[in-house]
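# Secondary and tertiary structure notes
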Amino acid sequence: YELGQYALASAHYRDATSTRVDRGDPSSLDAAARGYMASETSAGYEQAVRYLNDAIKIEPAAEDYDSLGDALRALQRYPEAVAAYTKAIEAEPGSIQYRLDRGRTRHENPDDTSSGDEDYRAAVNMRARNDDEYVAQAEAFEELGDYRGAVASADSALRLNKKNANAFIHLAFEELNLGDV
């Protein structure tokens, strides 16, 4: 859905809501949760939270904690989302995306005084391992107002994968923020 592939997201949602979920299989629970999240409705996010919690009880995984954080953030349950992202970071400390997600959640939470900058700074100081991590790093630079850093990270992503649509989007956006680069 986030990539603009609405028909595909809709198909995943239909699959998730019409297929029997094997509550003993973390992969089945994870797939169902992603389908419900594609609906972008409160009820869908609530169902995703239930499935992801079940999957985590069976087999804790950083990606499931991150998805749980995404669903909780969409429901504006910020402290729980931060806790889920923290678990993802503990499971995979080198993930730039998980730091970015926790920082954004802190930034969005009106009751959190940290503003997320600590997580953004940690993300920009980490070593990106692939094009998607460079895109996440570009987003962290953007959140800090460092548009030149964001351009450099988006450029690095494109050097690794010339077809990374998110890198193109960030590069264009940051260049607009900077004027002529």
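Residues numbered from 1 in each chain as written. Predicted model: local features only at pLDDT ≥ 70, side-chain atom pairs only at ≥ 80, totals over all residues. Heavy atoms only, no water.

On to helix 2 (residues 26-38), then. Spanning 13 residues, helix 2 covers 18 Å between terminal C-alpha atoms, matching the ideal 18 Å at 1.5 Å per step. For helix 2, a buried count of 10 out of 13 residues is recorded, marking the element as mostly surrounded by other parts of the structure. Pro 26, Ser 28, Leu 29, Asp 30, Ala 32, Ala 33, Gly 35, Tyr 36, Met 37 and Ala 38 are the residues of helix 2 that are buried. Of the residues one or two after helix 2, Glu 40 is the one with positive phi, at around 50°. (Helix = DSSP H or I, 4+ residues; strand = E, 2+ residues; numbered from the N terminus. Expected span 1.5 Å × (residues − 1). Buried < 20%, exposed > 50% of the residue type's maximum accessible area, 1.4 Å probe, protein only.)

Relative to the helices and strands, Gly 44 resides in helix 3 (residues 42-58). A relative accessible area of 2% places Gly 44 in the buried class. When the C-alpha atoms of Gly 44 and Ala 71 are compared, they prove to be 8.9 Å apart, with 27 residues separating the residues in sequence. Sequence-distant contacts of Gly 44, that is, excluding residues within four places in its chain, are made with Tyr 36, Met 37 and Ser 39. (Contact = heavy atoms within 4.5 Å.)

The values are spatial; any link to function lies outside them.
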